[in-house]
Amino acid sequence: MTFLLGYYLLLLGSVQLTSTYGPYQRAQKTGDILLGGLFPIHFGVASKDQDLAARPESTQCVRYNFRGFRWLQAMIFAIDEINNSSSLLPNITLGYRIYDTCNTVSKALEATLSFVAQNKMDSINLDEFCNCTDHIPSTIAVVGASGSAVSTAVANLLSLFYIPQISYASSSRLLSNKNQYKSFMRTIPTDEYQATAMADIIAYFQWNWVIAVASDDEYGRPGIEKFEKEMEERDICIHLNEFISQYFEDHEIQALVDRIENSTAKVIVVFASGPDVEPLIKEMARRNITDRLWLASEAWASSSLIAKPEYLDVMAGTIGFALRPGHIPGFKEFLQQVQPKKVSHNEFIREFWEETFNCYLEDSLRLQESENGTESSRPLCSGYEDITSVETPYLDYTHLRISYNVYVAVYSIAQALQDILTCTPGRGLFANSSCADTKDMEAWQVLKQLRHLDYIDSIGEKVHFDENAEMWGNYTIINWHRSTEDASVVFEEIGYYNMHVKKGSKLYIDKAKILWNGYSTELPFSNCSEDCDPGTRKGIIDSEPTCCFECKECSDGEYSNHKDASVCTKCPNNSWSNGNHTFCFLKEIEFLSWTEPFGIALTIFAVLGVLLTAFVLGVFARFRNTPIVKATNRELSYLLLFSLVCCFSSSLMFIGEPQDWTCRLRQPAFGISFVLCISCILVKTNRVLLVFEAKIPTSLHRKWWGLNLQFLLVFLCTFVQVMICVVWLYNAPPASSKNHDIDEIIFITCNEGSMMALGFLIGYTCLLAAICFFFAFKSRKLPENFTEAKFITFSMLIFFIVWISFIPAYFSTYGKFVSAVEVIAILASSFGLLACLFFHKVYIILFKPSRNTIEEVRCSTAAHAFKVAAKATLKHNTASRKRSGSNGGSSGSSPSSSISLKTNGNDCEPSAGQPRIHRPRVSFGSGTVTLSLSFEESRRNSVM
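Residues numbered from 1 in each chain as written. Predicted model: local features only at pLDDT ≥ 70, side-chain atom pairs only at ≥ 80, totals over all residues. Heavy atoms only, no water.

## Here we look at the pairing of strand β27 (residues 745-751)
Link 1 in the chain: Judged by how many residues are buried, β27 sits mostly within the fold: six of seven residues are covered.
Link 2 in the chain: The sheet contact formed by strand β25 (residues 588-590) and β27 spans three bridges and is parallel. For Glu590, the partnering residue across the bridge sits in β27 and is Phe747.
Link 3 in the chain: With five bridges joining them, strand β26 (residues 735-739) and β27 adopt antiparallel strand pairing. Counterpart to Asn739 in the pairing with β27 is Phe747. (Buried < 20%, exposed > 50% of the residue type's maximum accessible area, 1.4 Å probe, protein only. Helix = DSSP H or I, 4+ residues; strand = E, 2+ residues; numbered from the N terminus. Pairing = 2+ DSSP bridges.)

## Here's the deal with the sheet that holds β26
Link 1 in the chain: Reading across the sheet, the three strands line up as β25-β27-β26 and stay open at both edges, with mixed pairing between neighbours. Each edge of the sheet is formed by a strand with only one pairing partner; in this case those strands are β25 and β26. Averaged over all adjacent pairs, the angle separating strand axes in this sheet is 25 degrees, with direction ignored. (Axes fitted to C-alpha atoms, helices over the stretch in contact; angles between N-to-C directions.)

## Notes on the nonpolar core
Link 1 in the chain: Formed by 104 residues in total, the largest nonpolar core has its most connected members in Phe39, Met75 and Phe227.
Link 2 in the chain: Non-local contacts of Phe39, meaning those with residues more than four positions away in its chain, are made with Gly68, Trp71, Leu72, Met75, Ile98, Tyr99, Asp100, Thr101, Cys102, Val143, Tyr168 and Val406. (Core = buried A, V, L, I, M, F, W, Y, C linked by side-chain atoms within 4.5 Å. Contact = heavy atoms within 4.5 Å.)

## Section: the pattern of salt bridges
Link 1 in the chain: Inspection of the entire model under this criterion finds 22 salt bridges.
Link 2 in the chain: Across the salt bridge formed by Asp291 and Arg292, the nearest N and O atoms sit 2.8 Å from each other.
Link 3 in the chain: In this structure, Glu493 and Arg401 form a salt bridge, with 3.9 Å as the shortest nitrogen-oxygen distance. Of this pair, Glu493 sits in strand β17 (residues 489-497) while Arg401 sits in the loop between α12 (365-371) and α13 (402-421), and the two are 92 residues apart along the sequence.
Link 4 in the chain: Its relative accessible area of 32% is what places Glu493 among the partly exposed residues.
Link 5 in the chain: Here Arg401 falls in the buried class, since its relative accessible area comes to 11%.
Link 6 in the chain: The network of salt bridges with shared partners includes Arg173, Glu192, Asp200, Glu225, Lys226, Glu230 and Arg234. (Salt bridge = Lys/Arg side-chain N within 4 Å of Asp/Glu carboxyl O.)

## So, the packing of aromatic side chains
Link 1 in the chain: As enumerated under the stated definition, the model contains 37 aromatic pairs in all.
Link 2 in the chain: Ring geometry for Phe331 versus Phe334: centroids 6.4 Å apart, planes at 20 degrees, classification stacked. Taken together, the residues Phe331 and Phe334, both in helix α10 (residues 331-336) and three residues apart, mark about one turn of the helix.
Link 3 in the chain: Arranged with centres 6.0 Å apart and planes meeting at 85 degrees, the rings of Phe674 and Trp803 form a pair that is edge-to-face. (Phe/Tyr/Trp six-rings, centres within 6.5 Å; stacked < 30°, edge-to-face > 60°.)

## Describing the pairing of strand β5 (residues 94-100)
Taken residue by residue, a regular strand's side chains alternate between the two faces of the sheet.
Link 1 in the chain: With respect to burial, β5 is a largely interior element, seven of its seven residues being buried.
Link 2 in the chain: Burial along β5 is two-sided: the face carrying Leu94, Tyr96, Ile98 and Asp100 and the face carrying Gly95, Arg97 and Tyr99 are both buried.
Link 3 in the chain: Examined bridge by bridge, strand β1 (residues 26-29) and β5 share four bridges and lie antiparallel to one another. Bridge pairing in β5 links Ala27 to Ile98.

## Here's the deal with a negative patch on the surface
Link 1 in the chain: Taken together, the side chains of Glu391, Asp396, Glu485 and Asp486 define an acidic patch exposed on the protein surface.
Link 2 in the chain: Within the secondary structure, Glu485 is located in the loop between β16 (475-482) and β17.
Link 3 in the chain: Owing to a relative accessible area of 77%, Glu485 belongs among the exposed residues under this scheme. (Patch = residues over 30% accessible without salt bridge, like charges linked within 9 Å, V, L, I, M, F, W, Y side chains within 5 Å. Areas by Shrake-Rupley, 256 points an atom, 1.4 Å probe, with all protein chains shown as cover. Lys, Arg positive; Asp, Glu negative; His and termini not counted. Charge placed at Lys NZ, Arg CZ, Asp CG, Glu CD.)

## Observations concerning the sheet that holds β16
Link 1 in the chain: Taken in spatial order, the eight strands line up as β10-β9-β11-β12-β13-β16-β17-β18 in an open sheet, and their pairing is mixed. Taken across any chain shown, the strands that pair with only one partner, and hence form the sheet edges, are β10 (237-244) and β18 (507-509). Put simply, the sheet's adjacent strands are angled 30 degrees from each other on average, direction ignored.
Link 2 in the chain: Bridge count for strand β11 (residues 267-271) against strand β12 (residues 293-296) is four bridges, and the pairing is parallel. Counterpart to Ile268 in the pairing with β12 is Trp294.

## A look at unusual backbone geometry
Excluding glycine, a negative phi dihedral is what most residues carry, and trans is how most peptide bonds are arranged.
Link 1 in the chain: Residue Ala145 is bonded to the preceding Gly144 through a cis peptide linkage, with omega at 0 degrees.
Link 2 in the chain: Mapped onto the secondary structure, Ala145 falls in the loop between β6 (139-143) and α4 (148-158).
Link 3 in the chain: Notably, Cys102 is not glycine yet its phi reads approximately 55 degrees, a positive angle.
Link 4 in the chain: Structurally, the position occupied by Cys102 is in the loop between β5 and α3 (105-122).
Link 5 in the chain: Owing to a relative accessible area of 1%, Cys102 belongs among the buried residues under this scheme.
Link 6 in the chain: In this model, Asn432 sits at a positive phi of 60 degrees, which is unusual for a non-glycine residue.

## Some points on the environment of Tyr638
Link 1 in the chain: Looking at the element boundaries, Tyr638 is found in helix α17 (residues 634-652).
Link 2 in the chain: Through-space distance from the C-alpha of Tyr638 to that of Leu617 is 6.7 Å; in sequence the pair is 21 residues apart.
Link 3 in the chain: Setting aside its immediate chain neighbours within four residues, Tyr638 contacts Leu617, Phe620, Ala621 and Arg624.

Put into structure tokens, the structure is as follows:
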């Protein structure tokens, strides 16, 4: 079995040019250490069905790739440069074996098998079976491949033998999985960052409605998957998500273009290689669909297959990602020196020459095929034509990106070999810090050294692989312009994407350099819906993606100050939105101000009330010894007038900006003032009633109804109100607050703390007023000039009307009008009390002094006393007759039913030098009763 396996591998490893199975073209050069290379010299293979009726033949590669050949030349140039170097691998010659992958997995695996087979043969001792001393050395490392799908297949095979593979163009993020691709490395950034960069660009231009197209392979699928996640995070919608391939049938391409043409999205994001994109672009150009903007991944952003003048009507304005360009000294001259007659170790040059000059060399196999009629006839060429005289992508060395990555990959392998050769025992990377055997170096040792590579290259740049065996890099953002000279494509650099800086600073774009569709500076529109103007927001439409919306006006109190706002921002509590809802303005602060007309009017009435009360108090003080003042109980009247001053003054505390101290003081001041006022009225009215209803006023009445007891009762009534206020202020003190519930206005009001406490305060006041009303109503028939019972009754009625109306008005108003309602209630009730209790007395004192005499008071009092006595006597007489009639039967004639009060016309007038005595007579039919009442002016505590 060992012999058979070795023999098979020997045959596989020694495949010659004439083999019919496996790659028959290669660039090959012997050396002490051999490097493998995989490059896409062709874009694809011819589609050919194998019916297996005969031995399968190798598929033919088609469509020559001039850029791929330039990448191959970069590897050869780097190896030649290293071989000629005196400092890098001075005693070692590097050789190479480079194959064409034809951008196809099957071709790449054919080439990779030769690398693996050669390494496997070196591990088997075949000297006893054959002479193998002249066999080609093992492939120590492989540079390639380009496409991610190809590199994935190659990496699976090379990883089995730990042969290091350094790709120069495979950016799929799947290849970062080191558990699966153990020996894979690359000098190009991963697509993990490119997908994020594409989403950032779309968000930068505020597009939200795009088409995503990806190649159906290991490059396109992971890239577009990452792109979709990034778009979801930015709330950007993908209208169409399509996969493409260069092997699609015509009807598949046409159906795809139909969907794109019918889509309202104008931006097309493409994650694919140039060969995969070409059929799509060709069909788009045939239909002349020019209203689309393309966003290209690095795999085709500068592809010579797409960047053609015939496609520019469709592709002009494309924004693409390109790798950071590098500089390779002497590479330009090397490219220009290529000639098929001079180079024997590179079999790809012959086909390159024929494709460049559209001719056949004399000994070309393709010439024989042309003579057989399989190809159109071409002229012969000598092989000495001037390469600089033709326009070819091969000589486009102005921006070396992939070529520079190839150059770096070769130098990285050479530096790793240099580190192995110069390793100091005890400082190596292998077991026990040992070094590798330089005479029998193996691929896995080179892989280990590559993972720890860290050096400065010939142009002064640091080369280092990270933990994922990848190199950091940045993207250059390019824009496709139309050249003014020959209508060719010009890649204009418009910005960059730095993936290793903080978020927000990664993307930079110079908008001034961008030409949309090749000529316009106006940004294309690619949104599902028109932008919403400031003052509106995006509203969701049922059964539509989130990017499709309708614009709805912001609600009152909300605003949006930029276009396409997702939500309206609520204005702060102290602000309100303007009519267009584009900004917020500060709300007007309102309270019952001293300066506004309403506040001024209330203040005037309050001050007027204080002045009128003070005037009445002054009048009473000035005429304090007059009978009408003395008859109204001067001391209580003074206290009553003082309480009215407090009532009017308390209303002023409801005007002005509410402060915590005014809020805590105003309700207690109002409540205590009114209770003090009503208590005075209650005590005075009740005292008079009790005295007049007493049958015979005694000293006991005079003792208990003296001033001390009156003031004590007033104090006790007022003390109850004071305790209510103390409990209120202790448990739930009022405080100023700002009411933001009203649009455009902030009302500064007082939060009463406890509405129950306010209810107790007003309720207790009303209770006293009701008791006062009861006594006043009961004593309404007392002498008119002596007591104001009727007027107290009217004042209490006014009080009740005001405060009963106050309750619904208080709870139905808001803001400053709450305070205004209470001020009006206070002023109305205070003016009612003042007017009813004192205005008629002041009128008599000032304008009717003839009625302000002791005789007037006596006459009024005596008349009331005689009426009461007459009623009592009549009642007593009637009761006696009823008793006598029931006891003695019928009696004589009954007394006359008429009662007459006989007084002389001057009975109320005093005689000169005599005390003022009034002696009226009352007649009851058959007899006369004489009552005598004496009034002494000097007595302090009179009956009245």
